[in-house]
Amino acid sequence: MTKFQVNGKPVELDMDPATPILWAVREQLEMTGTKFGCGIAQCGACTMHLDGKPIRSCSTPLSQAEGKSITTIEGIAPEDGTLSKVQQAWISEQVPQCGYCQSGQIMSATALLKTNPKPSDEQINSAMAGNVCRCGMYGRIRKAIKVAAGIEESSTQETAA
Amino acid sequence: MNDTVEVEKPAKKKGKWTRRAFIGAGVAAGGALVVGVAVRPGNPVDSLKDIVAGGQGEELINSWVKIGADNVITAIVPHCEMGQGANSTIAQMLADEMDADWEKVRVMDAPADGNYVSKDALRVFAAPGFKGGETMEPTYDGLFTQISKLAGGYVTGGSSSVRSTGQNGMRIAGAAAKEMLVAAAAAEWSVPAAEITTDKSMLAHAKSGKSEPFAKFAAAAATQELPRAPKLKTSKEYKLMGRPMQRTDIPAKVNGTANFGIDGAPEGQALKYAAVKAAPIVGSRVKSMDAATAKGMPGVLQILNMGDFVAVVADGYWQAQQALNSIKTSYEKTDIDALNSNKMFANFGKALDEAGDDGGDSKASEGDVLGVMEGAAKKVEAEYRVPFLAHATMEPMNCTAWVRDGKCDIWTGTQVPLWARSAAAEGAGVGDDDVTMHSAFLGGGFGRRLEPDYVTQAARVAKATGYPVKLIWSREEDTAHDHYRPADISRFKGGLDKEGKLTSWNNVHCSTDEPAESPLVEFYDIPNVSVRNAEVEWPLKLGAWRSVGHSQHGFFVESFVDEAAHAAGKDPVEFRRELLAKSPRHLNVLNGAAKMAGWGSELPEGHGRGIALVRSFNSIVAEVAEVDMTKGMPRVTKVFCCVDAGFAMNPDGLSAQMESGIVYGLTAALYDEITLKDGAVQQSNFHDYRMMRMDDAPDIAVQIINGAPDNLGGAGEPGLPPAAPALANAIFAASGKRIRELPIAKHFA
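Scope of this entry: the structure provided in the associated data block. Please read all numbers here as calculations on a predicted model, not as lab measurements.

What counts and what doesn't
Residues numbered from 1 in each chain as written. Chains lettered and ligands numbered in written order. Predicted model: local features only at pLDDT ≥ 70, side-chain atom pairs only at ≥ 80, totals over all residues. Heavy atoms only, no water. Helix = DSSP H or I, 4+ residues; strand = E, 2+ residues; numbered from the N terminus. Buried < 20%, exposed > 50% of the residue type's maximum accessible area, 1.4 Å probe, protein only. Contact = heavy atoms within 4.5 Å. Areas by Shrake-Rupley, 256 points an atom, 1.4 Å probe, with all protein chains shown as cover. Pairing = 2+ DSSP bridges. Axes fitted to C-alpha atoms, helices over the stretch in contact; angles between N-to-C directions. Buried area = accessible area lost by both parts, 1.4 Å probe. Salt bridge = Lys/Arg side-chain N within 4 Å of Asp/Glu carboxyl O. Polar contact = N/O pair within 3.5 Å; in protein donor to acceptor, adjacent residues only side chain to side chain. Phe/Tyr/Trp six-rings, centres within 6.5 Å; stacked < 30°, edge-to-face > 60°. Core = buried A, V, L, I, M, F, W, Y, C linked by side-chain atoms within 4.5 Å. Expected span 1.5 Å × (residues − 1). Left-handed = near helix turned anticlockwise from the far one by under 90°. Nonpolar A, V, L, I, M, F, W, Y, C, P; charged D, E, K, R; others polar.

### Some points on the overall build of chain A
- Tallying secondary structure elements over chain A gives five helices and five strands in all.
- Put simply, chain A runs from its N terminus to its C terminus through helices and strands in the order β-β-α-β-β-β-α-α-α-α.
- Burial statistics for chain A: of 161 residues in total, 57% are counted as buried.
- Taking the contacts inside chain A whose residues are at least 6 apart along the sequence as the reference set, 57% of them involve residues at least 24 apart.
- Total accessible area on chain A is roughly 6,200 Å²; 49% of this is exposed by carbon and sulfur atoms.

### Some details on the sheet that holds strand β5 (residues 69-71) of chain A
Residues and elements named next belong to chain A.
- With respect to topology, five strands assemble into an open sheet ordered β2-β1-β5-β3-β4, the strand pairing being mixed. Edge positions in the open sheet fall to β2 (9-13) and β4 (53-56), since each of these has one partner strand only. In this sheet, neighbouring strand axes are inclined to one another by 40 degrees on average, regardless of whether the strands run parallel or antiparallel.
- The pairing of strand β1 (residues 2-6) with β2 spans five bridges and is classified as antiparallel. Looking at the pairing, Phe4 lines up with Val11 of β2.
- Sitting on the sheet, helix α1 (residues 21-28) is in contact with β2, β3 (47-50), β4 and β5, with an inclination near 100 degrees to β3.

### Quick look at the interface of chain B and chain A
- Chain B puts 60 residues into the contact, and the matching count from chain A is 55 residues.
- For the pair chain B and chain A, the summed buried surface comes to about 5,000 Å²; carbon and sulfur atoms form 57% of the total.
- In this structure, Glu659 of chain B and Arg140 of chain A form a salt bridge, with 2.8 Å as the shortest nitrogen-oxygen distance.
- At the surface where chain B touches chain A, the tally comes to 23 residue pairs in polar contact (both at pLDDT 80 or more).

### Quick word on the side chain of His205 of chain B
Residue and element names in this part refer to chain B.
- Its place among the elements puts His205 in strand β7 (residues 202-205).
- Residue class for His205 comes out buried when judged on its relative accessible area of 4%.
- Polar side-chain contacts of His205 include one of 2.8 Å to the side chain of Glu195.
- Those residues in contact with His205 that lie beyond four places of it in its chain are Trp189, Val191, Glu195, Ile196 and Lys210.

### A word on the pattern of salt bridges
- Taken as a whole and judged by the stated rule, the model has 46 salt bridges over all chains.
- One salt bridge in this structure joins Arg140 of chain A and Asp652 of chain B, with 3.1 Å as the shortest N-O distance. Here Asp652 of chain B lies in helix α17 (residues 651-671) and Arg140 of chain A lies in helix α5 (residues 138-148), a pairing that spans two chains.
- Classification of Asp652 of chain B as buried rests on a relative accessible area of 13%.
- The partner of Asp478 of chain B in a salt bridge is Arg475 of chain B, and the shortest N-O contact between them spans 3.5 Å. A residue pair is termed a helical-turn pair when its members lie 3 or 4 positions apart in one helix, as Asp478 of chain B and Arg475 of chain B do in helix α13 (residues 475-480) at three residues.

### A few points about the packing of aromatic side chains
Residues and elements named next belong to chain B.
- Evaluated as defined, the whole model comprises 20 aromatic pairs over all chains.
- For the ring pair Phe523 and Tyr524, a centre distance of 4.8 Å and an interplane angle of 55 degrees mean the geometry is tilted. Both residues of the pair, Phe523 and Tyr524, count as buried.
- With a centroid separation of 5.1 Å and 50 degrees between ring planes, the pair formed by Trp545 and Tyr664 is classed as tilted. One end of the pair, Trp545, is in the loop between β22 (528-533) and α14 (549-567); the other, Tyr664, is in helix α17, and 119 residues separate them in sequence.

### A few points about the nonpolar core
- Core analysis: the biggest nonpolar cluster contains 166 residues, and Trp90 and Ile145 of chain A together with Phe348, Phe388, Trp505, Tyr524 and Leu613 of chain B have the highest contact counts within it.
- Residue contributions to this core peak at ten residues, all from α17 of chain B.
- Listed in part, the 51 residues of the second largest apolar core include Ala176, Ala184, Val191 and Leu226 of chain B.

### What to know about helix α9 (residues 341-355) of chain B
Residues and elements named next belong to chain B.
- Look at α9: 21 Å from first C-alpha to last across 15 residues, which is about the 21 Å you get at 1.5 Å a residue.
- The inward-facing, buried residues of α9 contact β15 (378-386), β20 (488-496), β21 (502-509), β22 and β26 (676-677).
- If you check the start of α9, you find a side-chain oxygen 3.2 Å away from the backbone N of Asn342, and it comes from Asn340.
- Looking one or two places after α9, you find Gly356, whose phi comes out positive at around 60 degrees.

### A closer look at helix α16 (residues 584-597) of chain B
All names here are of chain B.
- Over its 14 residues, α16 runs 20 Å from end to end, which matches the ideal 20 Å to within 8%, given 1.5 Å per residue.
- Structurally, α16 contributes buried residues whose contacts are with α15 (572-579), β23 (607-616), β24 (619-628), β25 (635-644) and β28 (699-705).
- Following α16 by one or two positions, Gly598 has its phi on the positive side, about 65 degrees.

### Observations concerning the pairing of β3 of chain A
All names here are of chain A.
- Side chains of β3 alternate between two faces, with Thr47 and His49 and Met48 and Leu50 buried alike.
- Judged from the four bridges that link them, β3 and β4 form a sheet pairing that is antiparallel. In the sheet register, His49 faces β4, and the bridge partner there is Pro54.
- Connecting the antiparallel pair β3 and β4 is a turn made up of two residues, with Asp51 showing a positive phi of about 50 degrees.
- Across two bridges, the pairing between β3 and β5 is antiparallel. Each bridged residue has a counterpart across the sheet, and for Leu50 the counterpart in β5 is Ile70.

### Side note on unusual backbone geometry
All names here are of chain B.
- Here the bond from Glu514 into Pro515 is cis, since omega is -5 degrees, no more than 30 degrees from zero.
- Among the secondary structure elements, Pro515 is positioned in the loop between β21 and β22.
- For the bond running from Leu742 to Pro743, omega is 5 degrees, close enough to zero to count as cis.
- Along the chain, Pro743 turns up in the segment after α18 (723-735).

### Brief notes about the packing of helix α4 (residues 121-128) of chain A against α5 of chain A
All names here are of chain A.
- In contact at an axis separation of 11 Å, α4 and α5 are set at 115 degrees when each is read in the N-to-C sense. Crossing handedness for the pair α4 and α5: right-handed. Judged by residue contacts, Asp121, Ile124, Asn125 and Met128 of α4 engage Ile141, Arg142, Ile145 and Lys146 from α5.
- Here the contact of α4 with α5 is built from residues that sort into four nonpolar, one polar and three charged.

### A word on the environment of Asp308 of chain B
Residue and element names in this part refer to chain B.
- Its location among the elements puts Asp308 in the loop between β11 (300-305) and β12 (309-314).
- Owing to a relative accessible area of 31%, Asp308 belongs among the partly exposed residues under this scheme.
- Taking the C-alpha atoms as reference, Asp308 lies 9.6 Å from Lys287; in sequence the two are 21 residues apart.
- Of the polar contacts made by the side chain of Asp308, one reaches the side chain of Arg460; its length is 3.1 Å.

### As for the sheet that holds β24 of chain B
Residues and elements named next belong to chain B.
- Spatial strand order, β23-β24-β25-β28: four strands in an open sheet with mixed pairing. Among the strands making up the open sheet, the edge pair consists of β23 and β28. Each neighbouring strand pair of the sheet contributes to a mean axis angle of 15 degrees, computed without reference to strand direction.
- As judged from the nine bridges shared by β24 and β25, these two strands associate in the antiparallel manner. The residue of β25 that forms the bridge with Asp628 is Arg635.

### Quick notes on the environment of Gln102 of chain A
- Structurally, Gln102 of chain A is set in helix α3 (residues 102-115).
- Not counting residues up to four positions away in its chain, the partners in contact with Gln102 of chain A are Trp90, Val95, Pro96, Cys133 and Ile141 of chain A together with Lys253 of chain B.

### Topic: the side chain of Asn650 of chain B
Residues and elements named next belong to chain B.
- By the secondary structure assignment, Asn650 is in the loop between β25 and α17.
- Within the local environment of Asn650, its side chain forms a polar contact with the backbone nitrogen of Asp652, the two atoms lying 3.1 Å apart.
- Sequence-distant contacts of Asn650, defined by excluding residues within four places in its chain, comprise Thr89, Gln92, Arg243, Pro244 and Met245.

### Some remarks on the pairing of β20 of chain B
All names here are of chain B.
- Counting buried residues in β20 gives seven out of nine residues, a clear majority hidden from the surface.
- For β15 and β20, the ladder comprises nine bridges, and the chain directions are antiparallel. Paired with Glu381 across the strands is Lys493, a residue of β20.
- The pairing of β20 with β21 spans seven bridges and is classified as antiparallel. Among the inter-strand pairings, Gly494 is bridged to a residue of β21, identified as Trp505.

If you want it as structure tokens, here you go:
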């Protein structure tokens, strides 16, 4: 039995502790926001936070979560129903295309800004290089991180007529 | 031999595209108005029979709009969302023609049902209480059903959604719906229709001060006469078209709620999971299988030898994959067991040798290429080579299937829901109509999800086991069993006259040219042209890869034009300007990109600029790449992109597609190849099929020219083809090294 927290709620799972956290969360907890991309920690689509630090959940066994706290894409918005600054910036910069990698991108960006609220371009590169976006939205991701950090102004697109 | 040959009919005059729209409308449950439009390009026809017998290459467009009692307007779109954002833009076009409130416009995937465009559609997903009959266009009942069956009509590809369904379907549906609402209000208020104005989903009559939401007249509108040719807005009247409205699909993609194929599941049913491994060589089959270890592994439920693949079904996906990894298989021999990439390219070379200077299948022939080449002041020759490429969508191929009681349910992401439905039916051994498709976002398509092979697999496994099964390809499976962009070799000879003008162009290549225009250079003013292809055999399954043939020919043609410019001693932009003397839109785009990039201005030592221009999917795109060669491996620092897609319906969406196409094109140009050893693909995952990442992606600037408001071009693909040649040309400018074979990384190892 592995005991840990997911998005602030206590969880107990009776599964092989070698199972990657990704599959435990997707299949047992039925939280499907986190995605499977490569299975070998090469693409970052499965990024979650383990005690606040980004991990590749496809290659991190459940045993590592014992007694710890996991945060997924479903758990980063404030409880008042609004969106986090990173999520808001992802919308204002119209970042996602297919969107499949974006949970992982947002989790990596969120972790970066938590430890480094005003990152440089180099620091953004280094924090985000583990996350592949096959739609190639790197320019928009970089811009959105800077908007969320308050380094740059939003280029807000229109909504209403 | 017959002497009489049929004289080819003169080409139909270009210009106005004729079309005929068939409009139908009805009342759905709760008084909702449903309006459908089917459009057939070509000459008007007067009977259903002619339509059903319509020739190939004609496009049938079906669009639907629903106005609910809550005044919410729903665009029912026969395209899938794979990142291109077209569904949102199509809805924007509909909303503009309707004068709808954009805040209350929703987008819905059309159901994958061959009848969705028929009267049945209303019954199926909108209208239990539907009453058709006398309000219908006389041909309407059969027409929509027949059209949908004929067209198999639910394909997302060819950068076509906005310029076909949007431009010629949704806009008409929107305009028709508005005219019917206005007519209904005019009757109710007893005022002239011309005095009624529409805005933000409201009808108003200024003189009497009346104002009501669209929904109020939805039911009455359905009884109005159907407009035969609803009046569309001119570009000056656009309110939403041409503006960077936010995409409707993005909010769900930032909080984990977006539903992709891999997330699909039947409600309240425990899923089982399947991992699969196909025979490594195309055409080979499993000869023997040793699954002794797998049988005893935790969670394993069934191990299946399906002939062309092995599957393990388990309680969890990871368990299934672990068990699969332990299975030892041997395979039947095939004809290509000994084939490797070098041998294949040697075969391509032989075919091109045989075609020579005038053999093979002619794709274009103008003037006297061989004679003029003979007398040329200077000749240029080059051979280029590109590899097979995988799509590498972020979401690996996957499909959830449940087969029971002669029925099959499918949850998957596909670019072709109706073909996927047939693929599932085949796998499940049921009829097409027994399959229910549950739509989802696609975690990338790029042409890969035009091939529903994974759907058939899932249906077969589900049928064999009886479980609802979620079948997921590992990344390794996805990389090694794609439908690949074809490898190709292309040879060129060019002749320059004494002024350095390109007067002859002779090209022969192996690929089959999809679309047919992809190797052609008709916009360049070259008087003598021969373009041919030589037939070869490919040892892998081929598929449409973002921009299809343009991905190869863009690199070939624009590299060779660059070589010709240097041979002529001319600046590559200046050289192209001369060639584009008769193509003003192309010239504007070329000049636009050159200006953005500051073409001609000085760059630091070891840096260089290259330009390329490609017209694809009716859009013209020029790109200037800047490269830094000072660190060994080329580093693309900037890309300046100028695009003329006729009219940008959503400029931010068009820009995003350019940015995306550029990165996709540069990724392949720099890093990627699928190679064969002993008949099988050698690459497996992102460590050996590399992706561009944040730290090697260039800064990209996009400028849009609206050069032809009524002649729309595509967006999803046209940004890609110029990227590779612009980079290769930049590398030459910076270093004098000419790249004639992709990927570029090979030359800097």
